[in-house]
Amino acid sequence: MVAPGLTGGTLDRADHLRHDSEALAAAMSDWRARLLKLDGLHPEVGDDGRLGWTTLADAPEDALLILLGLDESARPHFAAYLPGTRAAEATPMRSPAMIHALATLQPSEAATYAAARSVIDWHSRHQFCANCGTMTEAFRAGWARKCPHCGAEHFPRVDPVVIMIAEYDGRALLGRGKGWPPGRYSALAGFLEPGESIEEAVAREIHEEAGVRVGAVRYIASQPWPFPSSLMMACVGMAEDDTLTVDTNELEDAIWVERDVVRAVLAGEPGPFLPPPPYAIAYTLLREWAGV
């Protein structure tokens with residue numbers, strides 16, 4: 001199976017340094033330490049598909065340094081959160097600059113960026129204690145915040161999302177979201193709800209969005225999605241029938257597509273739909289289902 005995009009990071013996250021203030025200080029003073037170059041929350045990507053890095057000397061004085069990890073030579077890598085940093089767009093992954101970056105980044109580089117973006121965005125949206133409302137303070141090398149008033153500790157959260165296709169008689173169910181590029185169809189998706197298993201969420205979302213009931217569900221793969229911080233869990237659900245009742249509040253359209261047609265489209269041949277981009281786990285899911 002082709003590894004999903006945004007996975008395969010090579011940095012050692014060095015959790016031990018997050019607990020050791022002296023070791024962290026030493027990492028910050030290491031002359032080899034690198035700082036991720038960002039334009040807001042967008043990565044600066046070179047022609048070689050690699051992230052841009054600079055020295056910690058370029059970090060603004062008021063920046064919070066977040067330890068991303070150590071490379072194979074134990075050189076520390078950091079990202080900087082600047083107070084007031086926020087995602088500029090409501091759907092930042094669809095901006096031309098972001099689409100270009102995701103399409104050109106090497107896999108390990110994309111994984112590093114995904115971690116950095118999610119944690120920076122988390123800091124921007126979690127300044128205040130959810131328990132008492134007091135302004136919180138960062139600690140654990142930027143991987144947590146603590147309330148100075150009530151002592152509550154807050155950690156970056158990951159939102160679980162199921163992304164799936166239904167299968168019936170050798171065909172895959174694909175949906176089209178509102179505002180997508182012309183012709184684009186992809187897997188259905190939705191957030192898990194409290195008290196729900198992955199399998200139950202897959203069945204519920206497919207039925208809610210397309211009116212199709214599924215029985216057996218099999219897991220395929222997962223992918224971090226840093227917009228702002230989701231974990232996409234790709235699955236295939238076996239449909240009980242192929243009757244569609246599309247919820248137009250959720251989808252613009254839904255179609256059944258034969259396996260051979262999916263294979264042809266993924267190979268670049270013209271077909272009834274435009275596939276998801278290779279960095280999206282929906283692409284991996286379709287490849288796995290089609291046996292490409």
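So, here's what we can say about the structure.

### Structural notes on the pattern of salt bridges
Item 1. This structure, assessed with the given rule, holds 17 salt bridges.
Item 2. Close ionic contact of Arg18 with Asp15 constitutes a salt bridge, the shortest N to O distance being 3.8 Å. Of this pair, Arg18 and Asp15 both sit in helix α1 (residues 15-18), three residues apart, which is roughly one turn of that helix.
Item 3. Its relative accessible area of 13% is what places Arg18 among the buried residues.
Item 4. Assessed through its relative accessible area of 37%, Asp15 is described here as partly exposed.

### Considering the environment of Asn131
Item 1. Relative to the helices and strands, Asn131 is located in the loop between α4 (107-125) and β7 (137-139).
Item 2. Placed 130 residues apart in sequence, Asn131 and Val261 show a C-alpha to C-alpha distance of 52 Å.
Item 3. Residues within four places of Asn131 in sequence aside, it is in contact with Cys150, Ala152 and His154.

### Considering the sheet that holds strand β6 (residues 76-81)
Item 1. The sheet built from four strands is open, its strands ordered β4-β1-β6-β5 with mixed pairing. Looking at which strands have only one partner, the edges of the open sheet turn out to be β4 (53-55) and β5 (64-70). Neighbouring strand axes in the sheet, compared pairwise and without regard to direction, differ in orientation by 40° on average.
Item 2. The pairing of strand β1 (residues 34-36) with β4 spans three bridges and is antiparallel. What sits directly across from Leu35, in β4, is Thr54.
Item 3. Sheet strands in contact with helix α2 (residues 21-29) are β5 and β6, and its direction is about 90° off that of β6.

How each quantity is defined
- Residues numbered from 1 in each chain as written.
- Predicted model: local features only at pLDDT ≥ 70, side-chain atom pairs only at ≥ 80, totals over all residues.
- Heavy atoms only, no water.
- Salt bridge = Lys/Arg side-chain N within 4 Å of Asp/Glu carboxyl O.
- Helix = DSSP H or I, 4+ residues; strand = E, 2+ residues; numbered from the N terminus.
- Buried < 20%, exposed > 50% of the residue type's maximum accessible area, 1.4 Å probe, protein only.
- Contact = heavy atoms within 4.5 Å.
- Pairing = 2+ DSSP bridges.
- Axes fitted to C-alpha atoms, helices over the stretch in contact; angles between N-to-C directions.

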